[in-house]
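# Architecture and fold: a report
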Amino acid sequence: MKKLVLLAAFAGLSACGGAATEEAAPAETTETVATEVVATTAADGGPSTGTFTVTNAAGEVSTEVLAEDGTYTSTDAAGEVTTGVWEQKSPNEFCANSSEKEEMTCYAEAVNEDGVWTSTDPDDGEVSTVVRVED
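Heads up: these notes are all about the structure in this document. (Residues numbered from 1 in each chain as written. Predicted model: local features only at pLDDT ≥ 70, side-chain atom pairs only at ≥ 80, totals over all residues. Heavy atoms only, no water.)

When helices and strands are counted, the protein shows 1 helix and 8 strands. Each helix and strand of the protein, ordered N terminal to C terminal, gives the series α-β-β-β-β-β-β-β-β. In the protein, buried positions account for 24% of the 135 residues. Across the protein, the fraction of contacts at a sequence separation of at least 24, relative to all contacts at a separation of at least 6, is 28%. Total accessible area computed for the protein in this model is approximately 9,600 Å², and 55% of it derives from carbon and sulfur atoms. (Helix = DSSP H or I, 4+ residues; strand = E, 2+ residues; numbered from the N terminus. Buried < 20%, exposed > 50% of the residue type's maximum accessible area, 1.4 Å probe, protein only. Contact = heavy atoms within 4.5 Å. Areas by Shrake-Rupley, 256 points an atom, 1.4 Å probe, with all protein chains shown as cover.)

Quick look at the sheet that holds strand 5 (residues 93–98) now. What the 8 strands build is a closed barrel, ordered 1-2-3-4-5-6-7-8; its pairing is antiparallel. Strand after strand, the sheet turns through a mean of 35° between neighbouring axes, direction not considered. Examined bridge by bridge, strand 2 (residues 61–66) and strand 3 (residues 71–76) share 5 bridges and lie antiparallel to one another. Note on strand 3: the bridge partner recorded for Glu64 is Ser74. (Pairing = 2+ DSSP bridges. Axes fitted to C-alpha atoms, helices over the stretch in contact; angles between N-to-C directions.)

With that out of the way, let us pick up the environment of Gly50. Looking at where Gly50 falls in the secondary structure, it is placed in strand 1 (residues 50–55). A relative accessible area of 23% means that Gly50 is categorised as partly exposed. For the pair Gly50 and Leu66, spaced 16 residues apart in sequence, the C-alpha to C-alpha distance is 5.3 Å. Filtering out sequence-adjacent residues up to four positions away, Gly50 remains in contact with Glu64, Val65 and Leu66.

Rendered as structure tokens:
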């Protein structure tokens, strides 16, 4: 009889131990983790993404669209399209790499006392003006 009571008690403890183990095991779930897009600020204080008109020193105008995924499309006055990737390292440093180049070029950007947004090419010192196109 002692053996039967002891065996029943042991069986009960084993069952409780098993249940505790099952409860402690984390449930498997499929969880989707959203990729957070880090918003950056352009020289004008607005977001780096959007549509911009860029006029170079020769007066040639292009339209640049900077997407949230880090890609851009630039269309010149003749309709020629260039694509590539971009990165806003700080409000005063914009970097871009066209699909035709191997290295990223970083431009110094600032808004002067007259409120004109400028972008300076590090290779030739050419200064372009940038204007945000409001949606």
